[in-house]
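# Chain and residue survey
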Number of protein chains: 2
Amino acid sequence: MFKLLIPPSHPRRESLLIRERLVEGFKRGLVALEGLIAHGRGECFDYLIGEKTQPFALKAIEAGVAALLLAEYPVISVNGNVAALVAKEVVELAKVIDAKIEVNLFYRTREREKAIAEWLKEHGAEEVLGVGEDASATIPELFSERRRVSPRGILVADVVLVPLEDGDRTEALRKMGKTVITIDLNPLSRTARAANITIVDNIVRAMPLMIKKAEELKGWSRERLRRVLENYDNNEVLQEALKHILHRLESLSNSKLVLEIEEACRTSSE
Amino acid sequence: MFKLLIPPSHPRRESLLIRERLVEGFKRGLVALEGLIAHGRGECFDYLIGEKTQPFALKAIEAGVAALLLAEYPVISVNGNVAALVAKEVVELAKVIDAKIEVNLFYRTREREKAIAEWLKEHGAEEVLGVGEDASATIPELFSERRRVSPRGILVADVVLVPLEDGDRTEALRKMGKTVITIDLNPLSRTARAANITIVDNIVRAMPLMIKKAEELKGWSRERLRRVLENYDNNEVLQEALKHILHRLESLSNSKLVLEIEEACRTSSE
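Heads up: these notes are all about the structure in this document. (Residues numbered from 1 in each chain as written. Chains lettered and ligands numbered in written order. Predicted model: local features only at pLDDT ≥ 70, side-chain atom pairs only at ≥ 80, totals over all residues. Heavy atoms only, no water.)

### What to know about the sheet that holds strand β1 (residues 74–78) of chain A
Residue and element names in this part refer to chain A. This is how it is decided: Strands pair, by our definition, only if DSSP identifies at least two bridges between them. Helix and strand labels come from DSSP, where a helix needs a run of H or I of at least four residues and a strand needs a run of E of at least two; each type is numbered from the N terminus. Note on method: axes are straight lines fitted to C-alpha atoms, helices fitted across the in-contact stretch only, with angles between N-to-C directions ranging 0 to 180 degrees.
Taken in spatial order, the five strands line up as β2-β1-β5-β6-β7 in an open sheet, and their pairing is parallel. What marks the edges here is a single partner per strand, and that holds for β2 (100–103) and β7 (197–199). For this sheet, the mean angle separating the axes of adjacent strands, direction not counted, is 20 degrees. Two elements, strand β5 (residues 159–161) and strand β6 (residues 179–183), share three bridges in a ladder whose sense is parallel. Bridge assignment links Leu-161 to a residue of β6, and that residue is Ile-181.

Right under this line is the structure:
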């Protein structure tokens, strides 16, 4: 259905190609239908941000990578959309920072867990936690299937990267004392506001930058990494993201909004 | 598969339930994949608006209902998302204002037309136009299947309610001299800007309000209804919607955004 050729000149080509990856992921059984809707919301915020990585995102990427490198037990959480969009990058980042990878679904089914784990392994992952029996531990305060995590993964992690996560779960992880890093295009989402470090950017742009930054920061001393974290202020970063959107909308809104339509004879009864 | 309970305490429960209704609609063959992504974009603007019906929407609802009551031949246009979200309300509103209901799809297929008509009939519709042979008339300037309408419906209507509509088609309807009322969460969309009356609100909140308003305004004289329309300014309404979003972003971007989380013992290595 989306298999139409997108001309190289199309101004929203990048965005449409990402969409096709997600639809492809849906067909492979990785992505939930709700995941497609969530992606649409992300697209809209990306449009508002300008579809480019902004300074506030770069700051958060540096802090996030510093936290992951300082972690004793870092875990990267992967859901359907993350797998469909950045499987290769998740595996690569996990290798650079020596982190576990765990499947962590909002709409958990055994089939989807397996499909995602397979997909990650096809992209080079050696171990994928959180599949089937392995997701046997539970996060307090969450309901039903949403609280299940791996006792060798998120349960014991000190720092978790949970991109495109639900707000309830982000809060639950925070309450457990974990340092939570997220990637979320919506600076107003509860996830964005509950995380310790929020990268307001498209995951497709952010993940390669995280890998590059991880390779760079790996050479830094723990003290220097700690200083990055000390100087980081997530509230400031979220405010900057909002201000950026605000200014973009402001310039859009300073024009006449109604379109002039040349009407044929009016048929209305007004 | 998606029938998991969303806990009553989940702060975004309403939004998640709406999402599930759309997924249900997709499974019933009402909603296109593109419709799911489009819904996500709507969610983004609902966030910016504050997920509540605002005064500018109430003004547009009143004007929209007045135009529908004054119409000689009002038609409500229904696509997949509209059917999935507010089938019952469409039927109810059509009865109160004595309007025709017409299936009108951006991605038209015979199966989807039929599924939507069936769904509307299950919700009490007696007649549904725009299905199969009935969609035999064409709107000028539109291509392929997108221009097909019913000769007993949109083609001859003087006032059309086209919620969640495409910009091209909204413009085409305007050029034909019709009074166009739309419901669209994005005040910057071409649909929002091309319509005569734009209700910037979530259709799930707006439709019940329209029914209530229609019942109230049915008792008004035509003159009084005409006065409502005379005093209505869509450009003003769109500007108010944008200003509302801007003010919200402004005050949020100056406030504390990060949520206070009461953490258990920190396990982090920071």
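### Considerations on the relation of the copies chain A and chain B
The two chain copies are related to each other by a rotation about an axis together with a translation along it. Note the cut-off: Copies are brought into register by a least-squares superposition over C-alpha atoms of residues with pLDDT of at least 70 in both. In what follows, residue pairs with any heavy atoms lying within 4.5 Å of each other are defined as contacts.
Of the transformation superimposing chain A on chain B, the axial component is 0.6 Å and the angular component is 167 degrees, with the fit at an RMSD of 2.1 Å. When you check the interface residues of chain A against chain B, 81% turn up at the interface there too, and the contact is symmetric in its surfaces.

### Points about helix α3 (residues 55–70) of chain A
Residues and elements named next belong to chain A. Here is the rule we go by: One less than the number of residues in a helix, times 1.5 Å, gives the span that helix is expected to have. Summary of the burial criterion: residues with accessible area below 20% of their type's maximum are buried, those above 50% are exposed, and those between are partly exposed, where the area comes from a 1.4 Å probe applied to protein chains only.
In this model, α3 (16 residues) spans 23 Å end to end at C-alpha, consistent with the 22 Å of a helix rising 1.5 Å per residue. Of all 16 residues that make up α3, twelve are buried, and the element is covered over most of its length. Here α3 has its buried residues at Phe-56, Ala-57, Ala-60, Ile-61, Ala-63, Gly-64, Val-65, Ala-66, Ala-67, Leu-68, Leu-69 and Leu-70.

### Brief notes about the pattern of salt bridges
Put simply, the test is: By convention in these notes, a salt bridge is any Lys or Arg side-chain nitrogen within 4 Å of a carboxyl oxygen on Asp or Glu.
Applying the stated criterion across every chain, the model contains 39 salt bridges over all chains. Here the salt bridges share partners, and the residues they tie into one network are A:Lys100, A:Glu127, A:Asp134 and A:Arg152.

### A short note on the state of the cysteines
Structurally, a disulfide amounts to a covalent bond that connects the sulfur atoms of two cysteines. Where we set the bar: Disulfides are defined as cysteine sulfur pairs within 2.5 Å.
Summed over the entire model, instances satisfying the criterion amount to one disulfide over all chains. Two residues share a disulfide in this structure: A:Cys44 and B:Cys44, whose sulfurs sit 2.4 Å from each other. Across the S-S bond linking A:Cys44 and B:Cys44, the dihedral sits near -60 degrees, which makes this disulfide left-handed. Taken together, the residues A:Cys44 in helix α2 (residues 33–49) and B:Cys44 in helix α2 (residues 33–49) connect one chain to another. The class of A:Cys44 is buried, set by a relative accessible area of 4%.

### Quick look at the environment of A:Leu238
Mapping A:Leu238 onto the fold places it in helix α10 (residues 234–253). Linking A:Leu238 and A:Ala60, residues 178 residues apart in sequence, is a C-alpha distance of 9.8 Å. Residue contacts for A:Leu238: discarding those within four places in its chain leaves A:Pro187, A:Ala192, A:Arg193, A:Thr198, A:Val200, B:Leu257 and B:Val258.

### Looking at the interface of chain A and chain B
Threshold: Buried area, as used here, totals the accessible surface that two parts lose on assembly, with accessibility defined by a 1.4 Å probe and the loss added over both. Polar contact is the term for a pair of N or O atoms within 3.5 Å; when the atoms are in protein, one must be able to donate a hydrogen and the other to accept it, and sequence-neighboring residues count only if both atoms are side-chain atoms.
Each side of the interface is counted separately: chain A has 73 residues, and chain B has 76 residues. Summed over both partners, the interface of chain A with chain B comes to about 6,800 Å²; 65% of that surface belongs to carbon and sulfur atoms. For the pair chain A and chain B, the number of links is three salt bridges. Between B:Glu263 and A:Arg174 there is a salt bridge, with its nearest N and O atoms 2.5 Å apart. In this structure, the connection of chain A to chain B is made through nine residue pairs in polar contact (both at pLDDT 80 or more). Every element with two or more residues in the side of chain A that touches chain B is listed here: α1 (13–27), α2, α6 (167–175), α7 (190–194), α9 (222–230) and α10 of chain A. It is α10(A) that contributes the most residues to the side of chain A that touches chain B, twelve residues altogether.

### Some words on the nonpolar core
Side chains of a nonpolar character, in soluble globular proteins, are inclined to be buried together. For clarity, the cut-off: Nine residue types can take part in a nonpolar core, namely buried Ala, Val, Leu, Ile, Met, Phe, Trp, Tyr and Cys, and a core is a set of them joined through side-chain atoms within 4.5 Å.
Judged by nonpolar contacts, the single largest core of 163 residues is most densely connected at A:Leu120, A:Met210, B:Leu120 and B:Met210. For B:Leu120, the residues in contact, after removing those within four places along its chain, are B:Val78, B:Ala87, B:Val90, B:Val91, B:Ile101, B:Val103, B:Ala125 and B:Val128.

### Remarks on the layout of surface pockets
Residues and elements named next belong to chain A. For the record, the criterion: The method works on a 1 Å grid over the protein atoms by themselves. A cavity is a set of points holding a 1.4 Å probe that cannot get out, a pocket is an open set with protein on both sides within 12 Å along at least five of seven lines, and residues with an atom within 4 Å of a point line them. Grid points are joined across faces, edges and corners, and a volume is the space filled by probe spheres set on the points.
Approximately 910 Å³ is the volume found for the second largest pocket. Ala-38, His-39, Arg-41, Asn-81 and Leu-164 are, among the 46 residues lining the second largest pocket, the residues nearest its centre. No other element matches the nine residues that α2 contributes to the lining of the second largest pocket.

### Brief notes about the sheet that holds strand β2 (residues 100–103) of chain B
Neighbouring strands of a sheet are bound in pairs by backbone hydrogen bonds; such pairs are parallel or else antiparallel. Residue and element names in this part refer to chain B. Taken together, the five strands give an open sheet; going across it, the order is β2-β1-β5-β6-β7, and neighbouring strands pair in parallel fashion. Both edges of this open sheet fall to β2 and β7 (197–199), since each of them pairs with a single strand only. Strand-to-strand twist of the sheet, defined as the mean angle between neighbouring strand axes without regard to direction, takes the value 20 degrees. Where strand β6 (residues 179–183) meets β7, three bridges bridge the pair, whose relative direction is parallel. Across the sheet, the residue bridging to Ile-183 is Ile-199, located in β7. Each of β1 (74–78), β2 and β5 (159–161) touches helix α4 (residues 80–97); the most contacted strand, β1, lies at about 170 degrees to it.

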